[in-house]
Amino acid sequence: MMQPPTPSRTADSDPSRRGLDASPARRAELQANLERVRVRIAAATSAAGRDDAPTLVVVTKFFPVTDLVALADLGVGDVGENREQELVEKVDALRAERPDLIASPRRHFIGQIQSKKTRRIARHADVVQSLDRLKLVPLLDAGAADRENPLDIFVQVALERDGSGRGGAQETELHEVAAAVEQAPHLRLCGLMAVAPLGEEPAAAFSRLAHVRQDFLANFPQATSLSAGMSGDLEDAVKIGATHLRVGSAILGSRPLAG
C-alpha cells in the first residue's frame, strides 16, 4: 500500500533557515496540489493491483528554489531538473541558505544532456535519468569520480519509431549503453526512462515500453527501476509498472517562461 507522506519539516523554529521560504499562500497551494497527486497515485497503484507505490519526482524546471524548499518541507524526497544551469544555481542557493537540504531531496536530472555539461551534471545531480548516447558514459563517469557514492543512471528509451522527438536511445542501442554504464566504476545502472511521444495515446506507447523493459531485464536483471509518466499520463505509467513518476504542472502549476 502507498506509504503516508513524510511529516513536514518547518523552518519556523529556526530563523537561520528562513531565507528561502515560499509565501504562505504558495506553500498552501503546493500542499493542496501535492495531496491531490498523491491521491491519484494511490488510486492508480490500487487499481493496478500493486503494493509498491512509485516514487514521486516533482519536476521544478523554471520554478524558483523557494518552491523546491517548500516541497522538501512538505515531505517531497525527490525533485527533477531539466537544465544544467538551473540545477547548479539551485544547489548553490541551497548550500548558502539551506545546507540541510543538500542531501535530500534527491536531485534527478531529466533533460537532454550536452557533452560539455556532463561533468557539472554528474557533480550536482544524484540521479541522471536521460542518458541516451554511448559517448556520454565516460564523460559522466569522469564527472562522478569525486562523488562519495556512484551516480545513479537511467537509460532513456526512444518510444518514437524513428528516434526523433523527445530524446532517447533506440532499442538496438540500449544494451550497448547499459553495458557501458555497468562497466563504469563511478556509475550505477538503475533502469530505464521514457517519455510518451506527442500525438500518441500514452497507454499504447507505455505498452511498447513494457515489452522493451522485459527484454532489457533479461540482460540487466538488477536494473529494475522504470521512470515513466507525467502529470497527464501517470495512471497509464503506474499500470505498466513504473517505479518513478515525473510530475510537474499538476503540482507546481503552469510553467513560467524561461528567464
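Computed from a predicted structure; not experimentally measured.

A.B. asks: Would you explain the pairing of strand 5 (residues 151–157) in this entry?
C.D. replies: The two faces of the sheet receive side chains in turn, since in a regular strand these alternate between them. Within strand 5, 7 of the 7 residues are buried, which leaves it mostly tucked inside the rest of the structure. Side chains Leu151, Ile153, Val155 and Val157 of strand 5 all project onto a buried face; the interleaved residues Asp152, Phe154 and Gln156 project onto the opposite face, where all are buried too. By the bridge criterion, 3 bridges tie strand 4 (residues 127–131) to strand 5 in an arrangement that is parallel. By the bridge assignment, Leu131 is partnered in strand 5 with Val155. In this fold, the crossover linking strand 4 to strand 5 by way of helix 5 (residues 136–143) has right-handed handedness. Across 7 bridges, the pairing between strand 5 and strand 6 (residues 187–194) is parallel. The partner of Gln156 across the bridge, within strand 6, is Met193.

A.B. asks: Is there a simple way to explain the pattern of salt bridges in this structure?
C.D. replies: Close approach of charged atoms allows side chains of opposite charge to pair. The final tally for this structure, using the stated rule, is 18 salt bridges. We note a salt bridge from Glu84 to Arg120, for which the minimum N-O separation is 2.5 Å. You can see Glu84 sitting in helix 3 (residues 84–97) and its partner Arg120 sitting in helix 4 (residues 118–124), a full 36 residues away along the chain. According to the relative accessible area criterion, Glu84 is buried, its value standing at 7%. Take Arg120: its relative accessible area is 39%, and that puts it in the partly exposed class. One salt bridge in this structure joins Glu86 and Lys90, with 2.9 Å as the shortest N-O distance. Residue Glu86 and its partner Lys90 are both found in helix 3; the two are separated by 4 residues, about one turn of the helix. Residue classification places Lys90 among the buried positions, given a relative accessible area of 7%. Within this structure, Asp78, Arg106, Asp152 and Arg188 form a network of salt bridges that share partners.

Parameters at a glance
Residues numbered from 1 in each chain as written. Predicted model: local features only at pLDDT ≥ 70, side-chain atom pairs only at ≥ 80, totals over all residues. Heavy atoms only, no water. Buried < 20%, exposed > 50% of the residue type's maximum accessible area, 1.4 Å probe, protein only. Helix = DSSP H or I, 4+ residues; strand = E, 2+ residues; numbered from the N terminus. Pairing = 2+ DSSP bridges. Right-handed = clockwise from strand over helix to strand, strands pointing away. Salt bridge = Lys/Arg side-chain N within 4 Å of Asp/Glu carboxyl O.

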